[in-house]
Amino acid sequence: MTVPLGTMRATGDFVTIKDGEIFFLGRKDSQIKRHGKRLNIELVQQVAEGLQQVESCAVTWYNQEKLILFMVSKNDLVKDYIFKELQKHLPSHAIPDELVLIDSLPFTSHGKIDVSELNKIYLNSIDLKSECKLNGKEELWEKLHHLWKSVLSLSEDPLKVPDESLFLNSGGDSLKSIRLLNEIENLVGTSVPGLLEIILSSSILEIYNHILQTVFPDEDLTFSKNYATKRKYSDVNQEETSGKSLHQESVMPLNCDSEINAFIALSRGSQILSLNTTRFLTKLEHCPSAYSSDLISQTNIQNMKSLNPPALIGKSKDTSCVAVVSEEETSVMGAEKMEFHVRWRSDTGKCVDASPLVVIPAVDKSSATVYIGSHSHRMMAVDLYSGKVKWEQILGDRIESSACVSKCGNFIVVGCYNGLVYILKSNSGEKYWMFTTEDAVKSSATVDPTTGLFYIGSHDQHAYALDIYKKKCVWKLKCGGTVFSSPCLSLIPYHLYFATLGGLLLAINPATGKRVWKHSCGKPLFSSPRCCLQYICIGCVDGNFLCFTHFGEQIWQFSTNEPIFSSPCTSASEQEIFFGSHDCFIYCCSMKGHLQWKFETTSRVYSTPFAFHNHNRGNEMLLAAASTDGKLWILESKSGELQSVYQLPGEVFSSPVVWESMLIIGCRNNYVYCLDLLGGNQR
């Protein structure tokens, strides 16, 4: 076909003109989107080729998820040096995930780089790494130090990395954390569940111990003297390994009679679910302190407002214990006005990072039950007052998800590391239904009190709405990042909120699963969103605490000095909001974003605070919180004044729940604790 002289055609080539000649630079179709930004992978190649030590190179976008740099070196090349040089000339989103050294570049018969052959070379390199078994824990420790320095460009630093070093504080960011994750998993030859969150939130020693659980699962893990000793879970009997539940005992009758199944459920952050309790409200002396619209059915809001929060009424009647308490578990008293006594503790077999769910039946509150899971794969139902185990169920993997109760009270829903969401019968632990996601589920479910649907997130980057009665998924939504934290439901307006490790806060229509709005916070969100009547609040790993309207407008932000992994808790009046930070402080802000007080603890605050009433002291409001070094703190919520502090014999990532005078919490020494909190006039 003849075209007019001078007609230009778009070939898709990038070129430069020099001295009257056209020089080829690259293809337009080499553009990719990585970490939310546009990137031409040939830019990476050009920068790499400009380095003196590089003879030739090629870059591939492997499986549209990994940026791989293949390099032919002029001499014995050190990978760390190349990464350091690339970081000087490239933005962070352009730094390759991996560098593969090769003898020569493969070409096709047309003289172009053979990408398929490069992919084969990369796969072979992965296989070789997986075959090179680590010689032991010492070698893992040494290589972890090397990778740490490499990713953070500290290779020339001769000093040893201190055990307590935190990745974000050492110059790391979310992109570098992903690179460290890839390097570690390549080193050990397998995926390590939950490693990204540990990298972003914990010390290098804790990262090392977390990797050990995957690589050397049959060996005892020993922390340094500053950390609690993890115990090996053994002696699993035949009944447990077969998945059958133990000690089956009725908690609530399994039927649909709303009168019989009237109950109140308490979970972390002073969250309350009150269902079918209208006729039984007068029988309950004490009711939880949170009245937030996100968890109370609209039919019960007015009834709940007339009730008192969980009261601190002194020592409870039943003082039996299920285990002897060691001398380590002591109340640290000084000017404090209250004290702790261990009521009972129950051995779960491994670390307890999940938070307790406490369900109080309206017909017989003495049969109240604590539901909690642990790293031993056990899900347990424990009598709140006596500590007696009602039933145990062995799930398929570790449990960090906190349990949630169904609208009818007959079922408990909990996520698991194996990617399953388990629906268990609350009275026996029997498996009723299992829903499969595509990655670990650490998110805790939220129930919709109007429809009975459960909402939960997964590391597969999706949010799910589950109808457990019909045993089906109602909708599934891609969230644009791993969902680690737990969703939050607002009834007015009818919004569901999810947060992702990609830094997105999403508002979703619970009925349709369609996105209403989204906000990018720029850094990972481990904190769970918390909504009240007017606002939605969340903490971010950049140290900022953010407040939005229900329509996505940011109202204010409050800055702390370190990452925030703690989820917020509101006061009963919703005039104050409480949260912790890795800077070791517990904060109280007004709903206008003004600091009311902050209290300095002795370690990072990962867990969520819990607000409750102390009726022994003029109806004052108290706040329970935990720091990761195992200390429990009781503060006066209006002033932040210390009332009591108690030392548990292990690290704490679980969040406290308070009912009457009892505080329930999990600990990394393998136990779940119930402590009586006694007022000053009862000592």
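All of these numbers come straight from a predicted model, not from anything done at the bench.

### Here's the deal with the packing of aromatic side chains
This structure, assessed with the given rule, holds 25 aromatic pairs. Measuring from ring centre to ring centre gives 5.1 Å for F484 and F526, while their planes differ by 70°; the resulting arrangement is edge-to-face. Of the two residues, F484 sits in the loop between β23 (472-478) and β24 (488-490) while F526 sits in the loop between β27 (515-520) and β28 (530-531), which places them 42 residues apart along the sequence. The class for F484 is buried, based on a relative accessible area of 11%. Take F526: its relative accessible area is 3%, and that puts it in the buried class. Ring centres 5.4 Å apart and planes at 65° place the aromatic pair F599 and W633 in the edge-to-face group.

### Notes on the sheet that holds strand β9 (residues 271-275)
Read from one edge of the open sheet, 6 strands run β9-β8-β12-β13-β14-β15, paired in antiparallel fashion. In this open sheet, the two strands that pair with only one neighbour each are β9 and β15 (389-394). Each strand axis lies, on average, 15° off the axis of its neighbour in the sheet, ignoring direction. Here strand β8 (residues 263-267) pairs with β9 via 5 bridges, running antiparallel. If you follow S267 over to β9, its bridge partner there is Q271.

### Details of the environment of I68
Locating I68 in the fold gives a position in strand β6 (residues 66-73). Look at I68 and you get buried, because its relative accessible area is 0%. For the pair I68 and D97, spaced 29 residues apart in sequence, the C-alpha separation works out to 5.9 Å. Leave out the neighbours within four places in its chain, and I68 touches A58, V59, T60, Y62, E98, V100 and Y122.

### What about the nonpolar core?
One finds L384, L632, I634 and L663 to be the most contacted residues of the largest nonpolar core, which totals 41 residues. With 36 residues, the next largest nonpolar core counts A403, V421, W433 and I456 among its residues.

### Overview of helix α1 (residues 41-49)
What α1 keeps buried is the set I41, E42, V44, V47 and A48. Residues of α1 that are buried in the fold lie against β2 (21-27), β3 (31-34), β4 (37-40), β5 (54-62), β6 and α2 (79-89). The backbone nitrogen of E42 lies 2.9 Å from a side-chain oxygen of the residue at the head of α1, namely N40.

### Brief notes about helix α7 (residues 204-215)
Counted at 1.5 Å a residue, the expected span for α7 with its 12 residues is 16 Å, and the 16 Å between its end C-alpha atoms agrees. Taken as a whole, α7 has its buried residues at I204, L205, E206, I207, Y208, N209, H210, I211, L212 and Q213.

### Digging into the environment of E85
With respect to the secondary-structure elements, E85 resides in helix α2. Each C-alpha atom, one on E85 and one on S153, is 9.7 Å from the other, the two residues being 68 residues apart in sequence.

### Quick word on unusual backbone geometry
Residue P493 is bonded to the preceding I492 through a cis peptide linkage, with omega at -5°. Among the secondary structure elements, P493 is positioned in the loop between β24 and β25 (495-499). A positive phi angle, close to 90°, is found at N670, a residue other than glycine. Positionally, N670 belongs in the loop between β41 (662-666) and β42 (671-678).

### Quick notes on the sheet that holds strand β18 (residues 420-425)
The 4 strands are arranged β16-β17-β18-β19 in an open sheet whose pairing can be described as antiparallel. With partners counted over all chains shown, the strands left at the sheet margins are β16 (404-405) and β19 (431-436), one partner each. Here β18 runs beside β19; their pairing, made up of 5 bridges, is antiparallel. The residue of β19 that forms the bridge with L420 is T436.

### A closer look at the pattern of salt bridges
The tally for this structure, following the rule as stated, stands at 15 salt bridges. Among the salt bridges present, the one from K638 reaches E576, with a minimum N-O distance of 3.2 Å. One end of the pair, K638, is in the loop between β38 (631-636) and β39 (642-647); the other, E576, is in strand β33 (residues 576-580), with 62 residues separating them in the sequence. Here K638 falls in the exposed class, since its relative accessible area comes to 55%. Looking at E576, the relative accessible area reads 13%, which means it is buried.

### Details of the pairing of strand β17 (residues 411-415)
For β17, the tally of buried residues reaches 5 of 5 residues, placing the bulk of the element in the interior. Side-chain alternation along β17 places F411, V413 and G415 on one buried face and I412 and V414 on a second face that is also buried. Where β16 lies against β17, 2 bridges are found, and the strand directions are antiparallel. Looking at the pairing, V405 lines up with I412 of β17. Hairpin connection between β16 and β17: a loop of 5 residues separates the two successive antiparallel strands, and G409 in this loop has a positive phi of roughly 85°.

### What to know about the pairing of strand β21 (residues 454-457)
Covered by surrounding structure in β21 are F454 and I456 together with Y455 and G457, the residues of both alternating faces. Connecting the antiparallel pair strand β20 (residues 446-447) and β21 is a turn made up of 6 residues, with G452 showing a positive phi of about 85°. Connecting β21 to the antiparallel partner strand β22 (residues 462-467) that follows it, the hairpin turn spans 4 residues, and Q461 within it adopts a positive phi of roughly 75°.

The rules behind each value
- Sequence order as written defines residue numbering, which begins from 1 separately in each chain.
- Predicted model: local features are reported for residues with pLDDT of at least 70 only, side-chain atom pairs are reported and counted for 80 or more only, and whole-chain, interface and lining totals are derived from all residues.
- Note that the side-chain values use all heavy atoms of the structure and ignore hydrogens as well as water.
- Stacked, tilted and edge-to-face are the three classes assigned to paired rings of Phe, Tyr and Trp, where Trp is represented by its six-membered ring and a pair needs centres within 6.5 Å; plane angles under 30 degrees give stacked, over 60 edge-to-face, the rest tilted.
- Runs of H or I in DSSP of at least four residues are treated as helices and runs of E of at least two as strands, each being numbered from the N terminus.
- Note on exposure labels: buried denotes an accessible area under 20% of the residue type's maximum, exposed denotes more than 50%, and partly exposed covers the range between, all computed with a 1.4 Å probe on protein chains only.
- Pairing between strands is defined by DSSP: at least two bridges between the two strands are required.
- Axis definition: a line fit to C-alpha positions, over the contact stretch in the case of helices; interaxial angles, taken between N-to-C directions, run 0 to 180 degrees.
- Contact between two residues is taken to exist if any of their heavy atoms lie within 4.5 Å; hydrogens are not considered.
- To qualify as a nonpolar core, a set must consist of buried Ala, Val, Leu, Ile, Met, Phe, Trp, Tyr and Cys residues joined through side-chain atoms within 4.5 Å.
- Polar contacts, as counted here, are pairs of nitrogen or oxygen atoms within 3.5 Å of one another; within protein the pair requires one atom able to donate a hydrogen and one able to accept it, and residues that are adjacent in sequence qualify only if both atoms are side-chain atoms.
- To estimate how far a helix should extend, the number of its residues minus one is multiplied by 1.5 Å.
- Any Lys or Arg side-chain nitrogen found within 4 Å of a carboxyl oxygen on Asp or Glu counts as a salt bridge.

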